[in-house]
Amino acid sequence: MSSQKAYLVLEDGTRFEGKFFGNIEDVTGEVVFTTKMIGYIETLTDPAYKGQIVVQTFPLIGNYGIISEDFESEIVGATAYIAKEICDVPSNFRCEGDLDTFLKEKKITALAGIDTRALTMKIRTAGTMNGIITTDPDSVDLAAVKAYKVLAAISDASTKTVYKEGNGTKNIAVLDLGIKASLKKDLISRDATITVYPYNATAEEILSAKPDGIVLSEGPETLDGIDSVVAEVKKLLASDIPMLGIGVGHQVMALASGFKVEKMHHGHRGANQPCKDSVTGRVFITSQNHGYVIDADSVNSEVAEVLFTNINDNSCEGLAYKNAKALSVQFSADSCRAPLEGQIVYNRFFEMMN
(Lines give C-alpha, C1' and ligand atoms only; values in the text may rest on other atoms or scores of the structure.)
Protein backbone atom coordinates (compact mmCIF):
# COMPACT_ATOMS: atom_id res chain seq x y z
CA MET A 1 0.00 0.00 0.00
CA SER A 2 1.22 3.49 -0.86
CA SER A 3 2.30 5.90 1.85
CA GLN A 4 0.94 8.83 -0.17
CA LYS A 5 -1.67 10.82 1.70
CA ALA A 6 -5.10 11.17 0.08
CA TYR A 7 -8.51 12.51 1.04
CA LEU A 8 -12.14 11.74 0.43
CA VAL A 9 -14.05 15.02 0.14
CA LEU A 10 -17.84 14.77 0.14
CA GLU A 11 -20.04 17.20 -1.76
CA ASP A 12 -20.90 19.02 1.49
CA GLY A 13 -17.19 19.63 2.19
CA THR A 14 -16.67 16.90 4.79
CA ARG A 15 -13.13 15.47 4.63
CA PHE A 16 -11.70 12.07 5.51
CA GLU A 17 -7.95 11.55 5.47
CA GLY A 18 -6.30 8.28 4.45
CA LYS A 19 -3.69 6.79 2.12
CA PHE A 20 -3.82 5.62 -1.46
CA PHE A 21 -3.68 2.00 -2.48
CA GLY A 22 -4.40 0.54 -5.87
CA ASN A 23 -4.22 3.19 -8.58
CA ILE A 24 -3.11 6.71 -7.58
CA GLU A 25 -5.41 9.14 -9.35
CA ASP A 26 -8.12 11.65 -8.43
CA VAL A 27 -11.60 10.25 -9.05
CA THR A 28 -15.20 11.37 -8.48
CA GLY A 29 -18.22 9.15 -7.85
CA GLU A 30 -21.34 8.48 -5.81
CA VAL A 31 -20.25 7.31 -2.34
CA VAL A 32 -22.14 4.22 -1.14
CA PHE A 33 -21.47 1.64 1.56
CA THR A 34 -21.90 -2.12 1.70
CA THR A 35 -22.19 -4.08 4.95
CA LYS A 36 -20.94 -7.42 3.62
CA MET A 37 -18.28 -9.09 5.75
CA ILE A 38 -17.03 -11.21 2.85
CA GLY A 39 -17.44 -11.13 -0.92
CA TYR A 40 -15.27 -8.11 -1.71
CA ILE A 41 -14.18 -9.80 -4.96
CA GLU A 42 -17.78 -10.17 -6.11
CA THR A 43 -18.51 -6.60 -4.99
CA LEU A 44 -15.61 -5.13 -6.95
CA THR A 45 -16.47 -7.04 -10.14
CA ASP A 46 -20.22 -6.36 -9.98
CA PRO A 47 -21.15 -4.06 -12.93
CA ALA A 48 -23.98 -2.62 -10.82
CA TYR A 49 -21.43 -0.44 -8.95
CA LYS A 50 -20.64 1.54 -12.12
CA GLY A 51 -19.92 5.18 -11.23
CA GLN A 52 -19.82 4.54 -7.47
CA ILE A 53 -17.14 4.82 -4.78
CA VAL A 54 -17.75 1.70 -2.69
CA VAL A 55 -17.08 1.81 1.06
CA GLN A 56 -16.65 -1.45 2.98
CA THR A 57 -18.05 -1.21 6.52
CA PHE A 58 -16.21 -4.39 7.59
CA PRO A 59 -12.82 -3.14 8.86
CA LEU A 60 -10.42 -5.69 7.30
CA ILE A 61 -10.55 -6.35 3.56
CA GLY A 62 -8.32 -8.46 1.31
CA ASN A 63 -7.43 -11.25 3.73
CA TYR A 64 -8.15 -14.05 1.24
CA GLY A 65 -6.66 -12.23 -1.75
CA ILE A 66 -7.91 -12.22 -5.31
CA ILE A 67 -9.57 -15.33 -6.79
CA SER A 68 -10.52 -15.05 -10.47
CA GLU A 69 -13.01 -17.91 -10.19
CA ASP A 70 -15.17 -15.62 -8.02
CA PHE A 71 -15.30 -12.72 -10.51
CA GLU A 72 -18.79 -11.57 -11.47
CA SER A 73 -17.46 -9.96 -14.65
CA GLU A 74 -14.16 -9.19 -16.35
CA ILE A 75 -14.37 -5.52 -15.34
CA VAL A 76 -14.26 -3.75 -12.00
CA GLY A 77 -17.64 -2.06 -11.72
CA ALA A 78 -16.71 0.29 -8.90
CA THR A 79 -15.21 3.64 -9.87
CA ALA A 80 -13.17 3.66 -6.65
CA TYR A 81 -12.87 1.65 -3.44
CA ILE A 82 -12.51 2.51 0.27
CA ALA A 83 -11.62 0.29 3.22
CA LYS A 84 -10.44 0.81 6.78
CA GLU A 85 -7.56 -1.69 6.67
CA ILE A 86 -6.08 -3.67 3.79
CA CYS A 87 -4.43 -7.07 4.24
CA ASP A 88 -1.05 -7.03 2.47
CA VAL A 89 -0.38 -10.75 2.97
CA PRO A 90 -3.54 -12.71 2.06
CA SER A 91 -3.87 -16.38 2.92
CA ASN A 92 -6.15 -18.78 1.06
CA PHE A 93 -5.51 -21.97 -0.88
CA ARG A 94 -7.19 -20.39 -3.94
CA CYS A 95 -5.44 -17.03 -3.65
CA GLU A 96 -3.90 -15.75 -6.90
CA GLY A 97 -2.67 -12.35 -5.72
CA ASP A 98 -3.31 -9.43 -3.39
CA LEU A 99 -5.97 -6.72 -3.59
CA ASP A 100 -3.55 -3.81 -3.95
CA THR A 101 -1.86 -5.31 -7.02
CA PHE A 102 -5.20 -6.24 -8.56
CA LEU A 103 -6.55 -2.69 -8.28
CA LYS A 104 -3.33 -1.29 -9.73
CA GLU A 105 -3.68 -3.62 -12.73
CA LYS A 106 -7.32 -2.56 -13.19
CA LYS A 107 -6.41 1.14 -12.69
CA ILE A 108 -8.92 1.52 -9.86
CA THR A 109 -8.24 4.24 -7.29
CA ALA A 110 -8.59 3.12 -3.67
CA LEU A 111 -8.28 4.70 -0.24
CA ALA A 112 -7.43 3.04 3.07
CA GLY A 113 -6.91 4.14 6.65
CA ILE A 114 -9.94 6.39 6.95
CA ASP A 115 -12.65 6.10 9.61
CA THR A 116 -15.15 4.06 7.60
CA ARG A 117 -17.52 3.85 10.57
CA ALA A 118 -17.79 7.65 10.74
CA LEU A 119 -18.18 7.82 6.94
CA THR A 120 -20.97 5.24 6.99
CA MET A 121 -22.79 7.06 9.78
CA LYS A 122 -22.47 10.27 7.78
CA ILE A 123 -24.11 8.68 4.72
CA ARG A 124 -26.82 7.00 6.78
CA THR A 125 -27.69 10.34 8.38
CA ALA A 126 -27.30 12.75 5.46
CA GLY A 127 -28.09 10.30 2.66
CA THR A 128 -26.04 9.11 -0.29
CA MET A 129 -23.87 11.85 -1.74
CA ASN A 130 -21.08 12.33 -4.23
CA GLY A 131 -17.42 12.56 -3.30
CA ILE A 132 -13.94 12.88 -4.74
CA ILE A 133 -10.74 11.07 -3.77
CA THR A 134 -7.89 13.56 -4.16
CA THR A 135 -4.46 14.61 -2.95
CA ASP A 136 -5.44 18.29 -2.89
CA PRO A 137 -8.67 18.78 -0.90
CA ASP A 138 -8.29 22.57 -0.84
CA SER A 139 -8.72 22.85 -4.60
CA VAL A 140 -11.88 20.71 -4.84
CA ASP A 141 -14.81 22.29 -6.69
CA LEU A 142 -17.70 21.16 -4.47
CA ALA A 143 -20.31 22.32 -6.98
CA ALA A 144 -18.77 20.09 -9.65
CA VAL A 145 -18.64 17.14 -7.25
CA LYS A 146 -22.31 17.62 -6.35
CA ALA A 147 -23.27 17.84 -10.03
CA TYR A 148 -21.61 14.51 -10.88
CA LYS A 149 -23.96 11.96 -12.47
CA VAL A 150 -23.46 8.39 -13.61
CA LEU A 151 -24.00 8.35 -17.38
CA ALA A 152 -24.17 5.52 -19.93
CA ALA A 153 -23.78 2.98 -17.13
CA ILE A 154 -25.96 0.25 -18.62
CA SER A 155 -24.60 0.65 -22.16
CA ASP A 156 -21.04 0.37 -20.82
CA ALA A 157 -21.86 -2.70 -18.70
CA SER A 158 -23.84 -4.58 -21.35
CA THR A 159 -22.51 -6.98 -23.96
CA LYS A 160 -22.04 -5.54 -27.43
CA THR A 161 -22.90 -8.77 -29.27
CA VAL A 162 -25.37 -11.63 -28.92
CA TYR A 163 -23.89 -14.84 -27.53
CA LYS A 164 -25.02 -18.22 -26.19
CA GLU A 165 -23.98 -20.31 -23.20
CA GLY A 166 -25.14 -23.67 -21.90
CA ASN A 167 -26.70 -26.68 -23.56
CA GLY A 168 -30.00 -27.19 -21.75
CA THR A 169 -33.55 -27.95 -22.82
CA LYS A 170 -35.00 -24.57 -21.81
CA ASN A 171 -34.13 -21.67 -24.10
CA ILE A 172 -33.93 -18.46 -22.11
CA ALA A 173 -33.30 -15.01 -23.56
CA VAL A 174 -31.39 -12.69 -21.22
CA LEU A 175 -31.42 -8.92 -21.73
CA ASP A 176 -27.99 -7.89 -20.46
CA LEU A 177 -28.30 -4.72 -18.37
CA GLY A 178 -25.02 -5.52 -16.56
CA ILE A 179 -25.27 -9.26 -15.97
CA LYS A 180 -23.26 -11.12 -13.33
CA ALA A 181 -21.56 -14.46 -13.97
CA SER A 182 -23.48 -16.08 -11.11
CA LEU A 183 -26.84 -15.39 -12.78
CA LYS A 184 -25.70 -17.10 -15.95
CA LYS A 185 -24.37 -20.07 -13.97
CA ASP A 186 -27.65 -20.42 -12.06
CA LEU A 187 -29.78 -20.47 -15.20
CA ILE A 188 -27.49 -22.91 -16.99
CA SER A 189 -27.39 -25.21 -13.94
CA ARG A 190 -31.17 -25.53 -14.24
CA ASP A 191 -30.92 -27.18 -17.65
CA ALA A 192 -31.12 -23.99 -19.68
CA THR A 193 -29.46 -22.62 -22.77
CA ILE A 194 -29.15 -18.86 -22.45
CA THR A 195 -28.94 -16.36 -25.30
CA VAL A 196 -27.59 -13.06 -24.00
CA TYR A 197 -28.68 -9.89 -25.83
CA PRO A 198 -27.29 -6.34 -25.62
CA TYR A 199 -29.30 -3.81 -23.61
CA ASN A 200 -30.54 -2.16 -26.83
CA ALA A 201 -31.88 -5.34 -28.45
CA THR A 202 -35.42 -4.95 -29.77
CA ALA A 203 -38.39 -6.92 -28.54
CA GLU A 204 -38.89 -8.21 -32.09
CA GLU A 205 -35.33 -9.57 -32.17
CA ILE A 206 -35.78 -11.40 -28.87
CA LEU A 207 -39.27 -12.74 -29.62
CA SER A 208 -38.27 -13.95 -33.09
CA ALA A 209 -36.03 -16.55 -31.42
CA LYS A 210 -39.12 -17.97 -29.65
CA PRO A 211 -37.54 -18.31 -26.17
CA ASP A 212 -39.21 -20.29 -23.40
CA GLY A 213 -38.54 -17.45 -20.98
CA ILE A 214 -37.01 -13.99 -20.76
CA VAL A 215 -34.76 -12.63 -17.99
CA LEU A 216 -33.98 -8.95 -17.44
CA SER A 217 -30.63 -8.97 -15.66
CA GLU A 218 -29.31 -6.90 -12.80
CA GLY A 219 -26.94 -4.02 -13.53
CA PRO A 220 -26.14 -0.37 -12.78
CA GLU A 221 -29.05 1.75 -11.61
CA THR A 222 -29.65 4.80 -13.74
CA LEU A 223 -32.75 6.49 -15.10
CA ASP A 224 -30.61 8.19 -17.72
CA GLY A 225 -30.95 6.80 -21.23
CA ILE A 226 -33.18 3.82 -20.41
CA ASP A 227 -36.40 5.06 -22.02
CA SER A 228 -35.73 2.94 -25.10
CA VAL A 229 -35.11 -0.14 -22.92
CA VAL A 230 -38.36 0.47 -21.05
CA ALA A 231 -40.25 0.77 -24.35
CA GLU A 232 -38.94 -2.60 -25.58
CA VAL A 233 -39.66 -4.31 -22.26
CA LYS A 234 -43.23 -3.05 -22.46
CA LYS A 235 -43.57 -4.99 -25.72
CA LEU A 236 -42.04 -8.08 -24.12
CA LEU A 237 -44.54 -7.92 -21.25
CA ALA A 238 -47.35 -7.92 -23.80
CA SER A 239 -46.19 -11.32 -25.06
CA ASP A 240 -47.24 -14.58 -23.44
CA ILE A 241 -43.66 -15.54 -22.57
CA PRO A 242 -42.72 -15.90 -18.86
CA MET A 243 -40.41 -13.13 -17.62
CA LEU A 244 -38.14 -12.60 -14.62
CA GLY A 245 -36.62 -9.24 -13.68
CA ILE A 246 -33.74 -8.91 -11.20
CA GLY A 247 -32.25 -5.73 -9.73
CA VAL A 248 -32.43 -2.97 -12.30
CA GLY A 249 -34.38 -5.45 -14.45
CA HIS A 250 -37.05 -5.34 -11.74
CA GLN A 251 -37.09 -1.55 -11.96
CA VAL A 252 -37.25 -1.48 -15.77
CA MET A 253 -40.18 -3.92 -15.73
CA ALA A 254 -42.00 -1.71 -13.22
CA LEU A 255 -41.37 1.44 -15.31
CA ALA A 256 -42.69 -0.40 -18.37
CA SER A 257 -45.88 -1.08 -16.40
CA GLY A 258 -46.36 2.57 -15.50
CA PHE A 259 -45.08 2.40 -11.91
CA LYS A 260 -42.72 4.92 -10.31
CA VAL A 261 -39.09 4.46 -9.26
CA GLU A 262 -37.65 6.60 -6.43
CA LYS A 263 -34.13 7.25 -5.22
CA MET A 264 -33.60 5.96 -1.68
CA HIS A 265 -32.05 7.87 1.21
CA HIS A 266 -28.97 5.66 1.39
CA GLY A 267 -29.96 2.42 -0.30
CA HIS A 268 -29.67 -1.25 0.60
CA ARG A 269 -26.24 -2.78 0.04
CA GLY A 270 -25.33 -5.85 2.05
CA ALA A 271 -26.01 -9.52 2.66
CA ASN A 272 -28.41 -9.17 5.57
CA GLN A 273 -31.62 -7.55 4.31
CA PRO A 274 -34.79 -9.31 5.60
CA CYS A 275 -37.62 -9.65 3.05
CA LYS A 276 -41.07 -11.10 3.65
CA ASP A 277 -42.71 -13.28 1.00
CA SER A 278 -46.36 -12.24 0.68
CA VAL A 279 -47.28 -15.69 -0.69
CA THR A 280 -45.86 -17.88 2.09
CA GLY A 281 -45.39 -15.33 4.88
CA ARG A 282 -41.78 -16.46 5.29
CA VAL A 283 -38.93 -14.02 5.85
CA PHE A 284 -35.67 -14.47 3.93
CA ILE A 285 -32.29 -12.84 4.53
CA THR A 286 -31.32 -11.44 1.17
CA SER A 287 -28.26 -9.98 -0.51
CA GLN A 288 -28.95 -6.56 -2.00
CA ASN A 289 -27.29 -3.76 -3.93
CA HIS A 290 -29.66 -0.95 -4.86
CA GLY A 291 -30.18 2.77 -4.30
CA TYR A 292 -33.53 3.04 -6.08
CA VAL A 293 -36.83 1.42 -5.18
CA ILE A 294 -40.32 0.94 -6.64
CA ASP A 295 -42.89 3.28 -5.10
CA ALA A 296 -45.34 0.70 -3.72
CA ASP A 297 -48.17 3.27 -3.77
CA SER A 298 -47.74 3.63 -7.53
CA VAL A 299 -48.28 -0.09 -8.17
CA ASN A 300 -51.63 -0.60 -9.92
CA SER A 301 -53.30 -3.48 -8.05
CA GLU A 302 -54.98 -4.62 -11.27
CA VAL A 303 -51.58 -5.00 -12.94
CA ALA A 304 -49.32 -6.33 -10.17
CA GLU A 305 -49.01 -6.94 -6.46
CA VAL A 306 -46.09 -6.61 -4.08
CA LEU A 307 -44.44 -10.02 -3.76
CA PHE A 308 -41.60 -9.22 -1.33
CA THR A 309 -41.41 -6.46 1.29
CA ASN A 310 -38.31 -5.33 3.17
CA ILE A 311 -38.93 -5.82 6.90
CA ASN A 312 -36.65 -2.93 7.90
CA ASP A 313 -38.35 -0.14 5.98
CA ASN A 314 -41.39 -1.75 4.25
CA SER A 315 -39.98 -0.98 0.80
CA CYS A 316 -41.01 -3.02 -2.23
CA GLU A 317 -38.52 -5.80 -3.01
CA GLY A 318 -40.50 -7.80 -5.55
CA LEU A 319 -43.58 -7.79 -7.76
CA ALA A 320 -45.88 -10.49 -9.14
CA TYR A 321 -47.71 -9.44 -12.29
CA LYS A 322 -51.35 -10.26 -12.93
CA ASN A 323 -51.62 -9.25 -16.58
CA ALA A 324 -48.47 -11.09 -17.68
CA LYS A 325 -46.51 -14.22 -16.82
CA ALA A 326 -43.92 -12.18 -14.97
CA LEU A 327 -42.31 -11.62 -11.60
CA SER A 328 -39.41 -9.47 -10.47
CA VAL A 329 -37.21 -9.05 -7.41
CA GLN A 330 -34.93 -6.25 -6.26
CA PHE A 331 -32.52 -8.49 -4.35
CA SER A 332 -29.87 -10.83 -5.75
CA ALA A 333 -31.31 -14.18 -6.75
CA ASP A 334 -27.98 -15.79 -7.58
CA SER A 335 -27.45 -18.83 -5.43
CA CYS A 336 -23.78 -18.20 -4.55
CA ARG A 337 -25.02 -15.50 -2.15
CA ALA A 338 -28.65 -16.34 -1.50
CA PRO A 339 -29.32 -20.06 -1.84
CA LEU A 340 -32.80 -20.26 -0.34
CA GLU A 341 -34.45 -17.17 -1.77
CA GLY A 342 -32.67 -17.79 -5.06
CA GLN A 343 -34.29 -21.22 -5.29
CA ILE A 344 -37.72 -19.74 -4.60
CA VAL A 345 -37.39 -17.05 -7.27
CA TYR A 346 -36.00 -19.42 -9.89
CA ASN A 347 -38.54 -22.12 -9.02
CA ARG A 348 -41.44 -19.74 -9.64
CA PHE A 349 -39.93 -18.57 -12.92
CA PHE A 350 -39.31 -22.11 -14.18
CA GLU A 351 -42.78 -23.18 -13.06
CA MET A 352 -44.22 -20.44 -15.27
CA MET A 353 -42.22 -21.81 -18.22
CA ASN A 354 -43.49 -25.34 -17.50
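See the structure printed just above.
Predicted model, so just to flag it, every value in this text is computed and none were measured. (Residues numbered from 1 in each chain as written. Predicted model: local features only at pLDDT ≥ 70, side-chain atom pairs only at ≥ 80, totals over all residues. Heavy atoms only, no water.)

### Points about the pairing of strand E9 (residues 129–134)
Cut-off, in case you're wondering: Remark: exposure states derive from per-residue accessible area (1.4 Å probe, protein chains only) relative to the maximum for the residue type, with buried under 20%, exposed over 50%, and partly exposed in between. Secondary structure elements are defined from DSSP: runs of H or I of at least 4 residues count as helices, runs of E of at least 2 residues count as strands, and each element is numbered from the N terminus. Whether two strands pair depends on DSSP finding at least two bridges between them.
Counted residue by residue, E9 has six buried out of six residues, so it is predominantly covered. Strand direction decides the pairing type here: strand E1 (residues 5–10) and E9, joined by four bridges, are antiparallel. For Val 9, the partnering residue across the bridge sits in E9 and is Ile 132. Alignment of strand E3 (residues 27–34) against E9, held across five bridges, turns out to be antiparallel. Residue pairing in the sheet places Val 27 in a bridge with Ile 133 of E9.

### Some details on unusual backbone geometry
The phi angle at Lys 107 is positive, at roughly 60 degrees, despite the residue not being glycine. Take Lys 107: it is sitting in the loop between helix H2 (99–105) and strand E8 (109–112). The exposed category is assigned to Lys 107, whose relative accessible area is 61%. With a phi close to 65 degrees, Asp 191 is a non-glycine residue in the positive phi region. On the secondary structure map, Asp 191 appears in the loop between helix H6 (181–189) and strand E12 (192–197).

### Points about the packing of aromatic side chains
To keep things clear, this is the line we draw: Only the six-membered ring of Trp is used, alongside the rings of Phe and Tyr, when aromatic pairs are assigned; centres must lie within 6.5 Å, and planes under 30 degrees apart are stacked while those over 60 apart are edge-to-face, with the rest tilted. Any Lys NZ or Arg CZ that is within 6 Å of a ring centre and within 35 degrees of that ring's normal is treated as a charge sitting over the ring.
Under the criterion given, the structure shown has five aromatic pairs. Each ring, one from Phe 71 and one from Phe 102, has its centre 5.6 Å from the other, and the planes form 45 degrees; the classification is tilted. With Phe 71 in the loop between strand E5 (60–61) and strand E6 (80–83) and Phe 102 in helix H2, the pair connects residues that are 31 residues apart, well separated along the chain. Phe 102 shares its class with Phe 71; the two are buried. The ring centre of Phe 350 lies 5.6 Å from the NZ or CZ of Arg 190, which sits over that ring.

### Some points on empty space enclosed by the protein
As a reminder of what qualifies: Buriedness of a pocket was judged along seven lines, with at least five required to meet protein on both sides within 12 Å; pockets are open sets of points on a 1 Å grid over the protein atoms alone, cavities are sets where a 1.4 Å probe fits but cannot get out, and lining residues have an atom within 4 Å of a point. Grid points are joined across faces, edges and corners, and a volume is the space filled by probe spheres set on the points. Polar here means any residue other than Ala, Val, Leu, Ile, Met, Phe, Trp, Tyr, Cys and Pro, which are nonpolar, and Asp, Glu, Lys and Arg, which are charged; Gly is therefore polar.
Taken as a whole and judged by the stated rule, the model has two cavities of 30 Å³ or more. Put simply, the largest cavity is a space of about 110 Å³. Glu 218, Gly 247, Asn 289, Gln 330 and Ser 332 are, among the 14 residues lining the largest cavity, the residues nearest its centre. In the lining of the largest cavity, the residues fall into four nonpolar, six polar and four charged.

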